[in-house]
Amino acid sequence: MSENKQNWIKRLAHGLSKTHNSLIKRIDALLWNRPNLSPELIEELEETLILADCGVQTSSLIITRLKERYENERDVPSCDILKAVILEILQKAYAPLNTASFKPFVMMVLGVNGVGKTTTIAKMANRLTDQGRHVILIAGDTFRAAAIEQLQIWADSINVKLIKHQIGSDPSAVVFDGIQAARTRGTDCVIVDTAGRLHTKKNLVAELEKMKKVMGREIQGAPHETLLVLDATTGQNAIQQAREFHQKIGLTGIALTKLDGTAKGGIIISIANELSIPVKLIGIGEGIDDLRDFDPHLFVDALFEESEAGF
Ligand SMILES: Nc1nc2c(ncn2[C@@H]2O[C@H](COP(=O)(O)OP(=O)(O)OP(=O)(O)O)[C@@H](O)[C@H]2O)c(=O)[nH]1
Ligand SMILES: [Mg+2]
């Protein structure tokens with residue numbers, strides 16, 4: 001394994017250490033020395049999975065798969081069996097983000113209040129810029145003055161152009177202007193921030209639909225990515241949010257933020273199992289470098305690794 005990859009896993013493991021403790025370490029303790037899977041033990045396993053936000057349905061699937069393998073693979077350590085079961089489920093959610101498939105690639109970022117939309121956009125823009133791609137940001141959250149200011153501060157610090165309008169203006173108009181600017185400049189990637197909250201949910205949905213329509217009218221196939229940002233610390237609530245957004249707007253991917261510092265990281269297994277929307281990105285901190293492509297293999301390696309303190 002390359003040094004880079006190893007460093008990455010260490011860093012991710014550090015971010016996931018609370019979930020490691022709440023989920024892996026506890027199950028490992030229950031299965032230590034490969035005891036028989038008595039009904040009492042199964043109950044304890046299920047409870048641990050649910051407490052780490054794996055969800056009832058997914059916890060029961062994990063137990064079923066664990067039982068099957070446990071009986072058939074007698075010589076395999078229980079920890080390896082658990083790892084294989086979790087990996088198998090996470091792989092269902094794997095479809096990496098490919099921003100090179102269109103030019104300009106138009107990405108719309110959605111999510112309820114405070115989940116990390118604006119921060120995730122800044123992190124993505126920074127990554128793309130580092131790869132030599134030209135990026136334009138669009139301040140589609142015209143509802144709050146602070147939202148535009150926050151995005152401007154990020155845009156300045158990573159040196160990308162932000163297209164913005166006055167507070168209270170029509171977000172679809174700023175989307176239209178942003179797309180024209182992207183055309184003129186030969187931009188590779190356009191990322192659109194959106195509001196997390198309006199007066200009513202109905203207004204928000206209508207606004208997002210209108211923005212989407214403008215993108216599609218101006219650029220064929222746009223938005224090429226409709227990314228929902230979910231906050232891992234909200235646990236099972238994230239599933240409900242994803243279902244609602246998917247039903248109303250239609251999603252192509254999920255960015256799961258704040259996986260650092262939460263013991264509820266089991267939510268990613270629940271998302272992978274219960275939703276038909278791939279997890280494309282994961283957020284593991286507030287820093288500009290703390291966003292990664294979701295890779296199921298690296299993720300389970302990190303989740304099962306005992307994190308070194310102070311990394
Ligand atoms: N620890 C941690 N914090 C994060 C992560 N992503 C975002 N945050 C923090 O979450 C808070 C909210 O982030 P924003 O990007 O402003 O969220 P938003 O969805 O744009 O919020 P609204 O515009 O108010 O709807 C900020 O303090 C971010 O630094 C992450 O992966 N880990
Ligand atoms: Mg925001």
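Note that the coordinates shown come from a computational prediction; the quantities given were computed from them, not determined experimentally. (Residues numbered from 1 in each chain as written. Chains lettered and ligands numbered in written order. Predicted model: local features only at pLDDT ≥ 70, side-chain atom pairs only at ≥ 80, totals over all residues.)

1. What about the packing of helix α5 (residues 78–90) against helix α11 (residues 267–274)?
Helices that pack against each other are described as a pair by the angle of their axes relative to one another and the distance between those axes. Stated precisely, the cut-off is as follows: Interaxial angle, 0 to 180 degrees, is taken between N-to-C directions of lines fitted to C-alpha atoms, where a helix line uses only the stretch in contact. To qualify as a helix, a DSSP run of H or I must reach at least 4 residues; to qualify as a strand, a run of E must reach at least 2; elements of each kind are numbered from the N terminus. Oblique is the label for any angle not covered by the other classes, which are roughly parallel (under 35 degrees), roughly antiparallel (over 145) and roughly perpendicular (65 to 115). Remark: residues whose backbone-derived C-beta atoms lie within 7 Å of one another are considered to be in contact. Amino acids are sorted into nonpolar (Ala, Val, Leu, Ile, Met, Phe, Trp, Tyr, Cys and Pro), charged (Asp, Glu, Lys and Arg) and polar (every other residue, Gly among them).
Two elements in contact, α5 and α11, have axes whose closest approach is 8 Å; the angle formed by their N-to-C orientations is 50°. Put simply, α5 runs oblique to α11. Contact residues: α5 offers I86, I89 and L90, while α11 offers I269, A272 and N273. The residue inventory of the contact of α5 with α11, partitioned by class, reads five nonpolar, one polar and no charged.

2. Brief notes about the pairing of strand β4 (residues 189–194)
Heads up, the condition is: Backbone-placed C-beta atoms define the burial measure: a residue is buried with 20 or more other C-beta atoms within 10 Å of its own, exposed with 12 or fewer, and partly exposed in between. Two strands qualify as a pair provided DSSP detects at least 2 bridges between them.
Burial analysis of β4 places six of its six residues in the buried class, which makes it a mostly covered element. Every second residue of β4 is oriented toward a common face, with C189, I191 and D193 on one face and V190, V192 and T194 on the other, all of them buried. Here strand β2 (residues 135–140) runs beside β4; their pairing, made up of six bridges, is parallel. Bridging from a neighbouring strand, V135 pairs with C189 of β4.

3. Describing the site of ligand 1
Spelled out, the test is: Whether a residue is near a molecule or strand depends on its C-beta atom, generated from backbone atoms, being within 6 Å of that molecule or strand.
Around ligand 1, the surrounding shell holds 20 residues, and the nearest of these are G116, T118, T119, G196 and G283. The element contributing the most residues to the shell around ligand 1 is helix α6 (residues 117–130), with three residues. Of the residues that constitute the shell around ligand 1, the class distribution is three nonpolar, 11 polar and six charged.

4. Observations concerning the nonpolar core
We apply this condition: Defined on buried residues, the nonpolar core groups Ala, Val, Leu, Ile, Met, Phe, Trp, Tyr and Cys residues joined through C-beta atoms within 7 Å. Source of the domain bounds: an automatic or database domain assignment.
Counting residues in hydrophobic clusters, the biggest one holds 94 residues, and the most contacted among them are M107, L137, V190, I191, L256 and I271. Of the domains in this structure, domain 1 (3–93) and domain 2 (105–296) are the two that each give at least three residues to this core. Leave out the neighbours within four places in its chain, and L256 touches L230, A232, I268, I271, V279, I282 and G283.

5. Points about the domain arrangement of the chain
In terms of domain boundaries, the chain breaks down into domain 1 (3–93) and domain 2 (105–296). Centre-to-centre separation of domain 1 and domain 2, based on C-alpha positions: 31 Å. Taken together, the contacts link 23 residues of domain 1 with 24 residues of domain 2. Ranked by residue count, the leading element in the side of domain 1 that touches domain 2 is helix α2 (residues 17–31), at five residues. In terms of residue class, the side of domain 1 that touches domain 2 is built from 12 nonpolar, eight polar and three charged.

6. As for the environment of I282
Examined against the element boundaries, I282 turns out to sit in strand β7 (residues 279–283). I282 sits in the buried class, given 27 other C-beta atoms within 10 Å. Between the C-alpha atom of I282 and that of K258, which follows or precedes it by 24 residues, the distance is 8.0 Å. In contact with I282, not counting residues within four places along its chain, are L256, L259, R292 and F294.

7. Some thoughts on the sheet that holds strand β8 (residues 291–293)
A sheet is described by the order of its strands in space; here eight strands give the open sequence β3-β2-β4-β1-β5-β6-β7-β8, paired in mixed fashion. The outermost strands of the open sheet, each flanked by one partner alone, are β3 (161–163) and β8. Taking the axes of each pair of neighbouring strands and ignoring which way they run, one obtains an average angle of 25° across the sheet. Against the sheet, α6 engages β1 (105–110), β2, β4, β5 (225–231), β6 (253–257), β7 and β8, with an angle of about 170° to β4.

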